[in-house]
Structure formats: structure tokens, C-alpha cells
Amino acid sequence: MERHRILSPSMLSADFGNLARDTRMVDRSAAQWVHIDVMDGVFVPNISFGFPVLKAIRQNTDKFLDVHLMIVDPMKYTERFAQAGADLVTIHYEAVDTPRESLQQIRGYGIKSGISIKPATPVSVVDGLLEYTDVVLIMSVEPGFGGQGYIEASTARIRELRAMIDRAGTGTLIEVDGGINRTNAGEVFGAGADILVAGNAVFRAPDPEAEIVEILNA
């Protein structure tokens, strides 16, 4: 079966002095999604941005907004992110006590729901959640900072998750975030990923739009 090939450039790596410019670049590029990393300095050791930045990005693109919450108590904020323009809100399995109910609540806002797992969290934890989530996001680096190298053990985790989803027949998409570039994108897509998040590989490239095409075609 041919898999999806979706690229979601991470705006965490954009030039915040020229956020509208960089958002418009992604908007006219071959990338299908736009990735928004929300970090609170507690769940992960970094702070990024929140609702005002999401709204500014939404004003400069009609593309699918992929919001990844790396925060404690994410359910306090999911509705506001939906109202601010998110098309998908992904929460961390490690940050919620009742993941199934949380995913159902996100879908109740009329948007897609996602669940993310850190590198040390067994893939098996999402086995009973697949019918309640549209996307499972595998972190292929420790969440918190851009520019890290891809953890090679992630490839086996992607294959494990792909087999699990195929058995369940839910059509849940697999997203992979961390250390993605043109060199490893083909391997990651080949392991069963549908969506790749790329930050520095896109925004630090001499020609970001051309780099997006290279990653998608890897």
C-alpha cells in the first residue's frame, strides 16, 4: 500500500523577525502542513509560543495547522488552540491521565486529535487509543529543542506502530518529529511514516522551498 507523504515544516525554526515572510514561504511551497511546537518550560526544558503566534501564522496560511502541545495539563488549553485556528491538536501521552477521554474531547471541537510519545515511552501504550486518534506522533529526539540528531532506534518504533495500525485497521496516520532531513526522510517514510516534521533542515537551507521538495521526494 502506498503511504501518504506529508511534510510539516516546524515554525520553531523560522525567523521570528520575519514570521509572516517565512509562513508565506511555507504556504506557497509543496509542504502540505505547518507544524506549531508549543512548549511551556515545564513538560520540556524550553519555552516557545502560544495563541498570539498561532493566530499570526493562521492569518498568513490556509494550510493545515498541526499543533503539538509539549505542556503540562494540555486539556486546559486545547479548546483555545482549536479556536485560534488549529486543525490538529496533539497532546503527549505522558502529560494526561485519561488519554482516551482527552482525545475524544479534542475531536469534539471539530478538529483532528493526535497523541505523541517520547523516545523512551513504549509504542504499545497507544494500542488501545488508535480508534480515538487521527495521528500518532513519534518523537525521534528528546522533545524540547530543535537541531538534534535523529535517534536511529526510532525507525524500528515506526515499523512497530505501522504494523499495529494496520492490524487495527483504523487508518491512523504516523507523524515523526526530530532530526528529519533529506538524508533520512526516505528511510523514515519507508518504515511507515505518513508525516514528517522538519525544522532546521528546511529553514536553514539555502533554498527552503527546494529543500521541502527534496525531503518529500527522498
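Reference entry: report on the structure contained in this document. What you see is a predicted model; the values in this text were computed from it and never measured.

Quick look at helix H5 (residues 154-168) now. Between the first and last C-alpha of H5 there are 21 Å, a value that for 15 residues agrees with the 21 Å anticipated at 1.5 Å per step. Within the span of H5, buried status applies to Ser-154, Thr-155, Arg-157, Ile-158, Leu-161, Arg-162, Met-164 and Ile-165. On its buried side, H5 packs onto strand E5 (112-117), strand E6 (135-139), strand E7 (173-177) and helix H6 (185-191). Remark: Gly-169 follows H5 within two positions and exhibits a positive phi of approximately 70°.

So, on to the environment of Thr-155. Among the secondary structure elements, Thr-155 is positioned in helix H5. For Thr-155, a relative accessible area of 5% gives the class buried. Each residue touching Thr-155, except ones within four places of it in the same chain, is listed here: Tyr-150, Glu-187 and Ala-191.

Below, the discussion takes up the pattern of salt bridges. Tallied over the full model, the rule gives nine salt bridges. We note a salt bridge from Glu-209 to Arg-28, for which the minimum N-O separation is 2.8 Å. One end of the pair, Glu-209, is in helix H8 (residues 208-216); the other, Arg-28, is in helix H1 (residues 19-28), and 181 residues separate them in sequence. Under the relative-accessibility criterion, Glu-209 is labelled partly exposed at 27%. Taking the relative accessible area as the measure of exposure, Arg-28 reaches 55% and is therefore exposed. A salt bridge links Arg-182 to Glu-211, with the nearest nitrogen and oxygen atoms 2.8 Å apart. One end of the pair, Arg-182, is in the loop between E7 and H6; the other, Glu-211, is in helix H8, and 29 residues separate them in sequence. Within the structure, one salt-bridge network assembled from shared partners comprises Asp-15, Arg-21 and Asp-22.

Rules behind the numbers
Residues numbered from 1 in each chain as written. Predicted model: local features only at pLDDT ≥ 70, side-chain atom pairs only at ≥ 80, totals over all residues. Heavy atoms only, no water. Helix = DSSP H or I, 4+ residues; strand = E, 2+ residues; numbered from the N terminus. Expected span 1.5 Å × (residues − 1). Buried < 20%, exposed > 50% of the residue type's maximum accessible area, 1.4 Å probe, protein only. Contact = heavy atoms within 4.5 Å. Salt bridge = Lys/Arg side-chain N within 4 Å of Asp/Glu carboxyl O.

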